[in-house]
Amino acid sequence: MEQISSGKVISTILKHDAKVTSYKIALLRAINDVVLSFPDLRHYNQDVAVPLRVLAEYWIAYYWPFVEPNKPIFQGQRAKLNGETRNDMAFRPALAALRLRWEQELETVSRPSDGFFVINEMRVARKRALYSQDFLKAYQQAINKISKALENPIQYAGPGHWTVFAQPVKYEELEGLAVPVPGTQSSDKCLVIQAELWQSFQTLSLWVEALCIHEWCLFSEGVEQGSTQQVDRGDIYRLLTDRPDNRRPLTWERNNIDLLLVEGHEFVCPWTEKRIRSGVSYDLDHLVPVSIYPINELWNLVPADPDFNSRVKRHYLPSSEKLQQARQYLELTYEQYGVSKALAKALREDVAIRFLTVGHNVTNFPTLVTGAVVRLIDQVAESRNIARF
């Protein structure tokens with residue numbers, strides 16, 4: 001499959017494939033987000049195995065605003081079976097239950113983008129510990145239901161059956177024929193994305209995202225909403241593009257960093273070169289801002305000058321030149337995290353679920369992490385055309 005034909009495949013599925021639900025659109029958007037989230041996989045130039053549960057995580061985020069109990073937005077026709085109206089989405093009850101449970105846990109009203117916040121919390125072990133077993137069970141039930149639903153658009157994408165994607169199989173059955181997304185288990189059922197198609201998603205990421213949202217808006221506007229109020233494409237657009245905030249304070253991270261500062265260790269703001277010692281105020285800066293992706297993995301959190309962070313950096317990404325200037329201070333930050341047993345463990349766990357190229361190297365781990373983080377930031381900025389400082 002040549003790259004240009006891969007691009008046409010994406011366009012054809014989005015614009016011309018028959019659709020009874022928004023599943024096909026959600027599938028391509030999820031693949032696009034996976035490609036953006038794991039940019040170092042391009043260095044392998046191989047087919048990529050993506051667990052269905054990883055794609056399901058993104059579906060939780062996308063469909064989150066459509067399962068509000070009082071204002072559901074249906075994503076397909078609701079056929080009748082034995083006199084009862086069936087759900088438009090097989091996983092609607094499970095996802096609605098998860099959303100309700102989350103609101104109860106945080107004692108808050110959910111925002112449309114809180115699904116993104118939830119899935120990123122669930123990726124990080126120390127964040128999962130903040131939730132009850134009932135919530136974790138509800139989350140797993142939603143993942144299982146969505147993973148099963150995913151097989152439908154995978155099968156019917158393109159003309160005929162299994163013409164664009166092969167039938168998902170367990171990773172162990174691939175026998176090393178595809179490089180796995182970080183964190184993939186041998187028992188995970190995986191969608192295999194051909195190397196050329198993966199590259200097309202990387203090259204066309206901004207276009208794919210925009211086209212997915214556009215087609216999703218048009219599709220949802222045409223769905224009969226029944227007794228609920230009809231929605232227009234503007235309503236759908238606002239829901240699909242809502243940006244998350246940081247609902248959880250980074251108390252655990254700050255406490256452990258404060259312990260290092262009290263012990264006499266120093267950090268340096270990567271943007272202003274301000275030295276951060278005990279007693280000096282600092283922000284925990286999200287290198288990739290929450291408004292782009294709410295990633296609270298430790299590699300994405302660095303002590304920084306609070307004034308610069310709030311006035312200049314904000315929701316922007318650093319330029320390539322600024323990143324190169326900051327490399328030594330990012331590396332110093334990861335070295336200092338390594339001094340703390342708790343932070344060192346958290347950093348390694350968080351890197352393992354994001355960067356396959358870093359591996360388990362011990363001797364130059366901070367350097368490798370810094371390189372991977374710089375490449376990710378550059379890739380995100382270029383792929384999504386995000387403003388940089």
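See the structure above.
Residues numbered from 1 in each chain as written. Predicted model: local features only at pLDDT ≥ 70, side-chain atom pairs only at ≥ 80, totals over all residues. Heavy atoms only, no water.

Student: Before we go on, may I ask you to explain the packing of aromatic side chains in this structure?
Tutor: The description of two aromatic rings rests on the distance between their centres and on the angle between their planes. Applying the stated rule across the entire model yields 19 aromatic pairs. When the ring of Y23 is compared with that of F91, the centres are 5.9 Å apart and the planes differ by 25°; the resulting orientation is stacked. Taken together, the residues Y23 in helix α2 (residues 23-37) and F91 in the loop between β3 (84-85) and α4 (92-106) connect sequence positions 68 residues apart. Pair check on accessibility: Y23 and F91 agree, each one buried. Among the aromatic residues, those joined into a ring-pair cluster are Y23, Y58, W59, Y62, Y63, F66, F91, F116 and W216. Positioned over the ring face of F74 is R78, at 3.7 Å from the centre of the ring. (Phe/Tyr/Trp six-rings, centres within 6.5 Å; stacked < 30°, edge-to-face > 60°. Helix = DSSP H or I, 4+ residues; strand = E, 2+ residues; numbered from the N terminus. Buried < 20%, exposed > 50% of the residue type's maximum accessible area, 1.4 Å probe, protein only. Lys NZ or Arg CZ within 6 Å of the ring centre and 35° of its normal.)

Student: Explanation requested: the environment of H315 in the structure shown.
Tutor: Note that H315 resides in the loop between α12 (306-313) and α13 (320-339). The class for H315 is partly exposed, based on a relative accessible area of 40%. C-alpha separation for the pair H315 and S291, spaced 24 residues apart in sequence, amounts to 6.4 Å. Among all residues touching H315, those that are not within four sequence positions of it are P289, S291 and I292. (Contact = heavy atoms within 4.5 Å.)

Student: So what exactly am I meant to see when it comes to the sheet that holds strand β1 (residues 48-51) here?
Tutor: Within a sheet, adjacent strands bond to each other through the backbone by hydrogen bonds, running parallel or antiparallel. As summarised here, the arrangement of the four strands in space is β4-β6-β1-β5, forming an open sheet in which the pairing is mixed. Pairing within the sheet leaves two strands with one partner each, and these edge strands are β4 (169-170) and β5 (179-180). Relative to strand β6 (residues 189-193), β4 is paired through two bridges, and the arrangement is antiparallel. Counterpart to V169 in the pairing with β6 is C190. Packed on one face of the sheet, helix α3 (residues 52-63) meets β1 and β6 and runs near 60° to β1. (Pairing = 2+ DSSP bridges. Axes fitted to C-alpha atoms, helices over the stretch in contact; angles between N-to-C directions.)

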